[in-house]
Amino acid sequence: EQIAQFESESGFELELIKMGDTGALTNQLVLTKNAPVADVVYGIDNTFASVALENDIVEDLQQVNYGDVCFNYDKRWFAKAGLTPPTTWRELTDKKYEGLTVVQNPTTSSTGLAFLFATIGALGEDNWPLWWAKMRDNGLKVTAGWEDAYYIEFTAGGGEGKYPIVLSYSSSPAFTVDEADGDSTTASINSECFRQIEYAGVLKNAKNPEGARALLAFMQTKEFQAAMPGANYVYPIDESVELPEAWAKFAPASESFVDVSGLDFDANRKTWQKQWLEIVQK
């Protein structure tokens, strides 16, 4: 509906090109910056925005939406097991949560990478490897991406998963509401989350910069912003836009974040990813 509205109101035709996750997308745009494959980019986040700016591949980069990377847990599983759910991810190394947690690989998943940065920001560059080593020894499960972790491995993801704790988003419980009782079967651990901000921008050397700017303007309208929760599982950047009822009740944005402002993502990303692999795959 949003695409049809944009085309009708602007007179431009919108062609969508999917180019993988945030890292793959940004790297591909760097490689093709002299002859860009598109006019506008959407999906670069705050873990890669500096790469885009330093390589001068975009102009007029605008915030469009955000999501809070947090752990979710299966409320019914914990109730049945008679186990108190964790209130922070720091507790997941406790033996009582052994073999219960699934995360995404930070070398292949933007969600996993965001959380890796959160652990480094929260624990410090000397101590984060120790936490991950404890998680490894506590039966940590790792998947390549979010969908595998949530829909296949997570006990409340709709499949036959065995892990009642999953790295996901604070918005996820809005999509696990049981129609029978009107309650969500999952909850988010909204403590020390990572706020992942997504951007859109006009690509340098775009063939149709006018169309790109028209799309950027459309993405800031209240109609588009209001569609963000249902379409992309994210919060609108426009705080005046009212959230859907289920979001307001079960999926409020987190108020507890890890301060990662002192981390140099670009200088250390590959080193930290390699270090993580050596720890977790040991």
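Up top is the structure these notes are about.
If you're wondering where the values come from, they're calculated on a predicted model, not measured in any experiment.

> Explain the state of the cysteines to me, please; I cannot follow it from the model alone.
As used here, a disulfide is simply a covalent bond connecting the sulfur atoms of two cysteines. In total, this model carries one disulfide according to the counting rule given. There is a disulfide in this structure between Cys-70 and Cys-193, and the S-S distance comes to 2.2 Å. Looking along the S-S bond of the Cys-70-Cys-193 disulfide, the torsion reads about 120 degrees, which is the right-handed sense. Note that Cys-70 is positioned in strand 2 (residues 58-74) and Cys-193 in strand 6 (residues 186-203), a separation of 123 residues in sequence.

> How do you make sense of the pattern of salt bridges when you look at a structure like this?
Here the structure, examined in full by the defined rule, presents eight salt bridges. In this structure, the salt-bridge partner of Asp-266 is Arg-269, at a minimum N-O distance of 3.2 Å. Pair noted here: Asp-266 and Arg-269 are both in helix 11 (residues 265-280), with a separation of three residues, about one helical turn. Arg-269 sits in the buried class, given a relative accessible area of 7%.

> Sorry if this is basic, but what is going on with the packing of aromatic side chains here?
Here the distance between the centres and the angle between the planes together describe a pair of aromatic rings. Enumeration according to the criterion identifies 22 aromatic pairs in this entry. Taken together, a centroid distance of 5.6 Å and an interplanar angle of 55 degrees make the contact between Phe-6 and Phe-218 tilted. One end of the pair, Phe-6, is in helix 1 (residues 2-10); the other, Phe-218, is in helix 8 (residues 209-219), and 212 residues separate them in sequence. When sorted by exposure, Phe-6 lands in the same class as Phe-218, which is buried. For the pair Phe-175 and Trp-247, a centre-to-centre distance of 5.8 Å together with 80 degrees between the ring planes defines the contact as edge-to-face.

> Just to check I follow, could you spell out the packing of helix 5 (residues 110-123) against helix 11 for this structure?
Relative to each other, helix 5 and helix 11 sit at 95 degrees, their axes nearing to 11 Å. Taken together, the axes of helix 5 and helix 11 lie roughly perpendicular to each other. Here Leu-113, Leu-116, Phe-117 and Ile-120 of helix 5 come into contact with helix 11, specifically with Phe-265, Arg-269, Trp-272, Gln-273 and Trp-276. When the residues that make up the contact of helix 5 with helix 11 are grouped by side-chain class, the tally is seven nonpolar, one polar and one charged.

> Is there a simple way to think about the pairing of strand 3 (residues 101-104) in this case?
The two faces of the sheet receive side chains in turn, since in a regular strand these alternate between them. Of the two faces of strand 3, the one lined by Thr-101 and Val-103 and the one lined by Val-102 and Gln-104 are each fully buried. Pairing between strand 3 and strand 4 (residues 141-143): three bridges, direction parallel. Bridge pairing links Val-102 to Lys-141 in strand 4.

> Before we go on, may I ask you to explain the packing of helix 6 (residues 128-137) against helix 11 in this structure?
Between two packed helices, the angle of one axis relative to the other and the distance separating the axes together describe the packing. Put simply, helix 6 and helix 11 touch, their axes get as near as 9 Å, and they point 35 degrees apart. When you trace helix 6 past helix 11, the crossing you get is right-handed. Along its contact with helix 6, which presents Trp-128, Pro-129, Trp-132, Ala-133 and Arg-136, the element helix 11 presents Trp-272, Gln-275, Trp-276, Ile-279 and Val-280. Taken together, the residues of the contact of helix 6 with helix 11 sort by class into eight nonpolar, one polar and one charged.

What counts and how
- Residues numbered from 1 in each chain as written.
- Predicted model: local features only at pLDDT ≥ 70, side-chain atom pairs only at ≥ 80, totals over all residues.
- Heavy atoms only, no water.
- Disulfide = S-S within 2.5 Å.
- Helix = DSSP H or I, 4+ residues; strand = E, 2+ residues; numbered from the N terminus.
- Salt bridge = Lys/Arg side-chain N within 4 Å of Asp/Glu carboxyl O.
- Buried < 20%, exposed > 50% of the residue type's maximum accessible area, 1.4 Å probe, protein only.
- Phe/Tyr/Trp six-rings, centres within 6.5 Å; stacked < 30°, edge-to-face > 60°.
- Axes fitted to C-alpha atoms, helices over the stretch in contact; angles between N-to-C directions.
- Parallel < 35°, antiparallel > 145°, perpendicular 65-115°, else oblique.
- Contact = heavy atoms within 4.5 Å.
- Nonpolar A, V, L, I, M, F, W, Y, C, P; charged D, E, K, R; others polar.
- Pairing = 2+ DSSP bridges.
- Left-handed = near helix turned anticlockwise from the far one by under 90°.

Purely geometric numbers; function is a separate question.
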